[in-house]
Number of protein chains: 2
Amino acid sequence: MPRPSPILAHAIENPCAIIRSLGVLTDTWSFLLVREALLGARTFAQFRDALGIASDVLTARLASLVEHGVMVKTPYRVPGQRTRDAYDLTPAGEELKTVLVAMQQWGHTHVPQEPELRVVPLTTEGRQRVHAELVDPAGRTVAPEAVQFVRTASRPAPVDG
Amino acid sequence: MPRPSPILAHAIENPCAIIRSLGVLTDTWSFLLVREALLGARTFAQFRDALGIASDVLTARLASLVEHGVMVKTPYRVPGQRTRDAYDLTPAGEELKTVLVAMQQWGHTHVPQEPELRVVPLTTEGRQRVHAELVDPAGRTVAPEAVQFVRTASRPAPVDG
C-alpha cells in the first residue's frame, strides 16, 4: 500500500473521489506522462525528450506515479551502461485511459484548434476509434443531459448492492 | 468567442486537447465548482457554502468558467435585495459529466476510502447508475487494455473523415 507523500496526503484523504484522483494526477505533467506511457515511452530519456520536461520535475513526477500505483519501475540495462529503470503502467494506470479520452474529446470539441497534433485512441484489434461515453447498466450509452448527479448517504443501503 | 485570460493562453493554445481541457479546468476548485453545479448549486453563496472556498478565489474561478464557456451568468433578484448573478452550466459544461464520472470512478476504485461521501451519477429517467466507459463505433464497450493510443498526422487523410 503506497504511502501518500505529505503534499498529497490532504487530497488523497478527501471524501470526494474526484479530488482523490486529482491527488494522484496533481498537474498537467502527470497527465502528459501517462499519455506518453500510453504512446510507448518507458525510459527517463524517452519521457524527457518527448515532453521537454526538466529532469528534476520528471524525477519527482515519475516517483509520485510509482508511489501511487500508476506505474511500476523495472530495472533494465543496455550492455556497457549502468542499470536504469523503465516505467510501465500498472492496470490502474491503464484504466486512466478513460479519463484521458474523456478530457481529450472535451478539449477537442470545446476548445478546438486547427491543425492539431492528434493522439487517437484505437481498439488494438481492428483499430477502430473509441470514445468515452456514459453508459447505463444495460450497456447503452446515455447522453450527458440525461444524467444527473445525486448526493447519497455515505453508506449505501443494502438494497443498493 | 471567449478570449482566454493571459494565464490560460499558453495552455489553451496547446496542440494537445488534454492540455486544452486542463487549461479550462485549471485546478481542483474548477472541478469541484462543476461538480456542485451538477448537484444544483447556482448562486455565489451556494458555491461558497458547499465548498468553503475563499470569496476571491470563487470569484476568479467562476469568471474563468464563464469566460471559457463552461457556465453562463443569469441575473436574478430576490425582492428587497440587489440583483445578483446565478451561474448555470452551458451544454459544454454539461458534457464535462463524462470527465467527472471517469475521474470519480478511477478514484473510487484505485484510491479507495471508507466511508466516503458519495455523489452518484444516475439517469434522470429510471435513476440507473451510469459509468464512464470506452465505446467503439458500434456502441460496444471496450476494456481499457484493448485500447491503444496512436499518434496520427495533424491532418487526417480524407478517407478518415
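Just above, that's the structure.
The rules behind these values
Residues numbered from 1 in each chain as written. Chains lettered and ligands numbered in written order. Predicted model: local features only at pLDDT ≥ 70, side-chain atom pairs only at ≥ 80, totals over all residues. Heavy atoms only, no water. Helix = DSSP H or I, 4+ residues; strand = E, 2+ residues; numbered from the N terminus. Buried < 20%, exposed > 50% of the residue type's maximum accessible area, 1.4 Å probe, protein only. Contact = heavy atoms within 4.5 Å. Areas by Shrake-Rupley, 256 points an atom, 1.4 Å probe, with all protein chains shown as cover. Least-squares fit on C-alpha atoms with pLDDT ≥ 70 in both. Buried area = accessible area lost by both parts, 1.4 Å probe. Salt bridge = Lys/Arg side-chain N within 4 Å of Asp/Glu carboxyl O. Polar contact = N/O pair within 3.5 Å; in protein donor to acceptor, adjacent residues only side chain to side chain. Axes fitted to C-alpha atoms, helices over the stretch in contact; angles between N-to-C directions. Parallel < 35°, antiparallel > 145°, perpendicular 65-115°, else oblique. Nonpolar A, V, L, I, M, F, W, Y, C, P; charged D, E, K, R; others polar. Pairing = 2+ DSSP bridges.

Peer 1: Tell me about the overall build of chain A, and name the residues and values.
Peer 2: Assigned secondary structure in chain A consists of seven helices and six strands. Written out in order from the N terminus, the α and β elements of chain A read α-α-α-α-α-β-β-α-α-β-β-β-β. Put simply, chain A has 161 residues, and 45% of those count as buried. Sequence-distant contacts in chain A: of pairs separated by 6 or more residues, those separated by 24 or more amount to 41%. In the structure as shown, chain A presents an accessible area of about 8200 Å², 54% of it carried by carbon and sulfur atoms.

Peer 1: Give a description of the relation of the copies chain B and chain A that names residues and reports values.
Peer 2: Expressed as a screw transformation, the operator carrying chain B onto chain A has a rotation angle of 180° and an axial translation of 0.0 Å, and the superposed copies differ by an RMSD of 0.0 Å. On this basis, the relationship between the two copies can be described by a two-fold rotation axis. Of the residues that chain B buries at the interface, 100% are likewise interface residues in chain A, meaning the two copies contact each other through the same surface.

Peer 1: Just give me the short version of the interface of chain B and chain A, but keep the residues and values in it.
Peer 2: In this complex, chain B contributes 77 residues to the contact, which on the side of chain A involves 77 residues. Between chain B and chain A, the buried area comes to about 7700 Å², and carbon and sulfur atoms account for 63% of it. Linking chain B with chain A are two salt bridges. Summed over the shared surface of chain B and chain A, the result is 30 residue pairs in polar contact (both at pLDDT 80 or more).

Peer 1: Now, about the environment of Leu65(B): what can you tell me, with residues and values included?
Peer 2: Residue and element names in this part refer to chain B. The residue Leu65 is located in helix H5 (residues 55-67) in this model. The sequence separation of Leu65 and Pro115 amounts to 50 residues, and the corresponding C-alpha distance is 31 Å. For Leu65, the contacting residues outside a window of four places in its chain are Val24, Ser30, Leu33, Val70 and Met71.

Peer 1: Tell me about unusual backbone geometry, and please be specific about residues and values.
Peer 2: If you check the backbone angles, Arg127(A) has positive phi at about 50° while not being a glycine. Topologically, Arg127(A) is positioned in the loop between strand E3 (118-123) and strand E4 (131-135).

Peer 1: Any details on the packing of helix H3 (residues 28-38) of chain A against helix H5 (residues 55-67) of chain A? Residues and values, ideally.
Peer 2: Residues and elements named next belong to chain A. Relative orientation of the contacting elements H3 and H5 amounts to 75°, with a least axis distance of 10 Å. Of the possible angle classes, the one that applies to H3 and H5 is roughly perpendicular. Seen from H3, the contacting residues are Trp29, Ser30 and Leu33; seen from H5, they are Val57, Leu58, Arg61, Leu62 and Leu65. Considering only residue class, the contact of H3 with H5 consists of six nonpolar, one polar and one charged.

Peer 1: Which residues make up the pattern of salt bridges, and what values do they have?
Peer 2: For the coordinates displayed, the defined rule picks out 16 salt bridges over all chains. Here Arg48(A) and Asp49(A) are joined by a salt bridge, their closest N and O atoms 3.4 Å apart. Beyond isolated ion pairs, a larger network of salt bridges with shared partners links Arg35(A), Glu36(A) and Arg151(B).

Peer 1: Summarise the pairing of E3(A); cite the residues concerned and give the values.
Peer 2: Burial runs high along E3(A): six of the six residues are buried. By the alternation rule, side chains of E3(A) split into Arg118(A), Val120(A) and Leu122(A) and Val119(A), Pro121(A) and Thr123(A), which are all buried. Examined bridge by bridge, E3(A) and strand E6 (residues 147-152) of chain B share six bridges and lie antiparallel to one another. Paired with Val119(A) across the strands is Arg151(B), a residue of E6(B).

Peer 1: Quick rundown of the side chain of Ser30(A)? Include the residues and the values.
Peer 2: Tracing the chain through its elements places Ser30(A) in helix H3. The class for Ser30(A) is buried, based on a relative accessible area of 1%.

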